[in-house]
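# Topology and contacts: notes
Here is how the chains run, residue by residue.
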Amino acid sequence: MQQGENKMGVMPIRRLLISMSLPIMISMLVQALYNIVDSIFVAQLSEDALTAVSMAFPIQNLMIAIAVGTGAGINALLSRALGGKNFKRANDLASNAVFLGLFSYIIFLIFGILFSRAYFIFQIDDAQIIEYGTTYLSIICIASIGVFTQIVFERLLQSTGKTFYTMITQGIGAIINIILDPILIFGYLGMPRMGTAGAAIATIIGQIVAAILAIIFNSRINKEIKVNVKGFRPNFEIIREIYSIGIPSIMMISITSITTYGVNNILKNFSSTAIAVFGAYFKLQSFAFMPVFGLNNGMIPIIAYNYGAKNKERITETIRLSIIYALVIMFTGLILIQIFPKEILSFFNASEDMLSIGVPALRIISLSYIFAGVSVVSGSVYQAFGNGMLSLTTAVSRQLVVLLPAAYGLSLFGKVNLIWYSFPIAEIMSFILSIVFLRYIYKEKVVPI
């Protein structure tokens, strides 16, 4: 098969980056919408229900971290193999990617069955929150086959430049979730009222449908790679290569779980309302960050492909435009949150107490957005060149070395609003480190081409 005319090697970069990224950005915005809708409906049950779902976030984020981190390794290696016209290696990578997705699911299946309740009991002694949270988290974990399968097969599509189809899979999955949320949570159209269980079931149904669509698109449309199931045996050398890129990415995203868990435990010393505010914020921030992540998902295969093809000019232009677009997106998010914090929180059925904590929280945390845009893009640039350790170093420094200690230190003053300043403090440090590492990776990888 001749791949000399693959658009990642010939299309003008501005148009290529937009065509690759825009479908993913749209689908991720839809995902951000359904994450928020999920919490909006849950908040109508009670503030305790919103707190429980917020406390489940670290495990959900860990699940996403493993799937997306593995996908980052798959994406970079597959695009590089296709750029170098090594199609046998591309097929082997795809087959091992599917194996890793199934293996990851088994881990969370076991956690969901055995440890969901213990996870909440360890954090809080409110029986209602424990019940809401255990029900929600156990369903999300036990049925997580959908999210792992969906992300793996979407990465196969992205690696060959077919991002339009990932927009369809993610978009349809999200729309199904949004439709089913009120029906299953509140018991409309003859369905029983399921509460937080309904929110979880709506989520996993959307994920499973998206996974099925991603499999169909790969088998019928993605002709550049083939997943070999018959006679498959894991190739541990390929798995090692995938995780040499993927593990730093997994750890980088997983650190958010550690940070969220830690901040939740700091906030519980003030009130469960503060935890609900923090959970609502994490849903809201996805409206700013998801488009940048979509931009990154379009950027990584372009850089990796042209690195394999040794095209220096296209790599440089891709990085430059990605940073500019990310800054525009994050600045827009900053302005909206600064102007409309009360209106945004009102969607979560916010009480006066929640508003008194949430309005300053949103305004303070969003100050970090401009710095965050550069850091997020830079981290994906490192991954595209196969140097995920730089991304991990930045993430560890930001969240574990600066953010958590700063949040704890500020909490000692006894004012919950001071805790939110730990976010812009950490992001400024991350921005400085990202600039240093970006200059290093450019000098080491791009200049010698």
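Scoring rules and cut-offs
- Residues numbered from 1 in each chain as written.
- Predicted model: local features only at pLDDT ≥ 70, side-chain atom pairs only at ≥ 80, totals over all residues.
- Heavy atoms only, no water.
- Helix = DSSP H or I, 4+ residues; strand = E, 2+ residues; numbered from the N terminus.
- Rg over C-alpha atoms; globule rule 2.2 N^0.38 Å.
- Buried < 20%, exposed > 50% of the residue type's maximum accessible area, 1.4 Å probe, protein only.
- Contact = heavy atoms within 4.5 Å.
- Core = buried A, V, L, I, M, F, W, Y, C linked by side-chain atoms within 4.5 Å.
- Expected span 1.5 Å × (residues − 1).
- Bend = angle between axes of the 7 residues up to and from the residue.
- Polar contact = N/O pair within 3.5 Å; in protein donor to acceptor, adjacent residues only side chain to side chain.
- Phe/Tyr/Trp six-rings, centres within 6.5 Å; stacked < 30°, edge-to-face > 60°.
- Patch = residues over 30% accessible without salt bridge, like charges linked within 9 Å, V, L, I, M, F, W, Y side chains within 5 Å.
- Areas by Shrake-Rupley, 256 points an atom, 1.4 Å probe, with all protein chains shown as cover.
- Salt bridge = Lys/Arg side-chain N within 4 Å of Asp/Glu carboxyl O.
- Axes fitted to C-alpha atoms, helices over the stretch in contact; angles between N-to-C directions.
- Parallel < 35°, antiparallel > 145°, perpendicular 65-115°, else oblique.
- Left-handed = near helix turned anticlockwise from the far one by under 90°.
- Nonpolar A, V, L, I, M, F, W, Y, C, P; charged D, E, K, R; others polar.

Another aspect to go through is the overall build of the protein chain. Within the protein chain one finds 18 helices and zero strands. Since a compact globule built from 449 residues should have a radius of gyration of about 22 Å, the 21 Å found for the protein chain is in line with a globular shape. Each principal axis of the C-alpha distribution contributes one length, and for the protein chain these read about 60 × 50 × 35 Å. Counting across all 449 residues of the protein chain, residues that qualify as buried make up 59%. Within the protein chain, residue pairs in contact and separated by at least 24 positions form 83% of the contacts whose partners lie at least 6 positions apart.

Core analysis: the biggest nonpolar cluster contains 133 residues, and Leu267, Val381 and Trp420 have the highest contact counts within it. Considering every element that reaches this core, the biggest residue donor is helix α3 (residues 47-83), with 19 residues. Apart from residues lying up to four places away in sequence, Val381 is in contact with Met299, Ile303, Ile319, Leu438 and Ile441.

Look at helix α8 (residues 163-186): 35 Å from first C-alpha to last across 24 residues, which is about the 34 Å you get at 1.5 Å a residue. For α8, the principal kink sits at Leu180 and spans about 35°; a proline, Pro182, occurs within the next four residues. Once α8 ends, the next one or two residues include Gly187, with phi positive near 80°.

Inspection of the secondary structure assignment puts Ser159 in helix α7 (residues 145-159). At a separation of 2.8 Å, a polar atom in the side chain of Ser159 contacts the main-chain carbonyl oxygen of Arg155. The contact partners of Ser159, leaving out residues within four places of it in the chain, are Met8, Ile74, Asn75, Leu78, Ser79 and Leu82.

A word on the packing of aromatic side chains. In this structure the tally under the stated criterion is 21 aromatic pairs. Both rings, one in Phe278 and one in Phe282, keep their centres 5.0 Å apart while their planes meet at 80°; by these two values the pair is edge-to-face. Here Phe282 and Phe278 lie together in helix α11 (residues 272-308), a separation of four residues that amounts to about one turn. Here Phe278 matches Phe282 in class, with each residue buried. With centroids separated by 5.9 Å and ring planes inclined at 65°, the aromatic side chains of Tyr281 and Phe282 adopt a geometry described as edge-to-face. What makes Tyr281 buried here is its relative accessible area of 4%.

Taking 1.5 Å per residue as the helical rise, α11 with its 37 residues ought to reach 54 Å, and the 51 Å between its terminal C-alpha atoms agrees with that figure. A maximum bend of about 45° is found in α11 at Phe287, where proline Pro291 lies one to four positions downstream. Along α11, 32 of the 37 residues are buried, which leaves the element largely enclosed by surrounding structure. Positive phi shows up at Lys310, right after α11, with a value of about 60°.

This part is about the environment of Ile113. The residue Ile113 is located in helix α4 (residues 87-114) in this model. For the pair Ile113 and Val227, spaced 114 residues apart in sequence, the C-alpha to C-alpha distance is 30 Å.

What follows concerns a nonpolar patch on the surface. A cluster of nonpolar side chains, Leu327, Phe331, Ile335, Leu336, Ile339, Phe340 and Ile370, forms an exposed patch at the surface whose accessible area comes to about 580 Å². Looking at which element gives the most residues to the nonpolar patch, the answer is helix α12 (residues 312-339), with five residues. Tracing the backbone shows Phe331 in helix α12. On the accessibility criterion, Phe331 (42% relative accessible area) is partly exposed.

All right, on to the side chain of Ser366 then. One can find Ser366 in the loop between α14 (352-365) and α15 (369-384). Under the relative-accessibility criterion, Ser366 is labelled buried at 0%. Apart from residues no more than four positions distant in its own chain, Ser366 is found in contact with Leu334, Ile337 and Gln338.

Here the focus is the packing of helix α6 (residues 127-142) against helix α9 (residues 196-220). Orientation of α6 relative to α9, taken along the N-to-C sense of each, is 15°, at an axis distance of 8 Å. In terms of their interaxial angle, α6 and α9 are classed as roughly parallel. Crossing of α6 against α9: the hand is right-handed. Seen from α6, the contacting residues are Tyr132, Thr135, Tyr136, Ile139 and Ile140; seen from α9, they are Thr196, Ala197, Ala199, Ala200, Ile201, Thr203 and Ile204. In terms of residue class, the contact of α6 with α9 is built from nine nonpolar, three polar and no charged.

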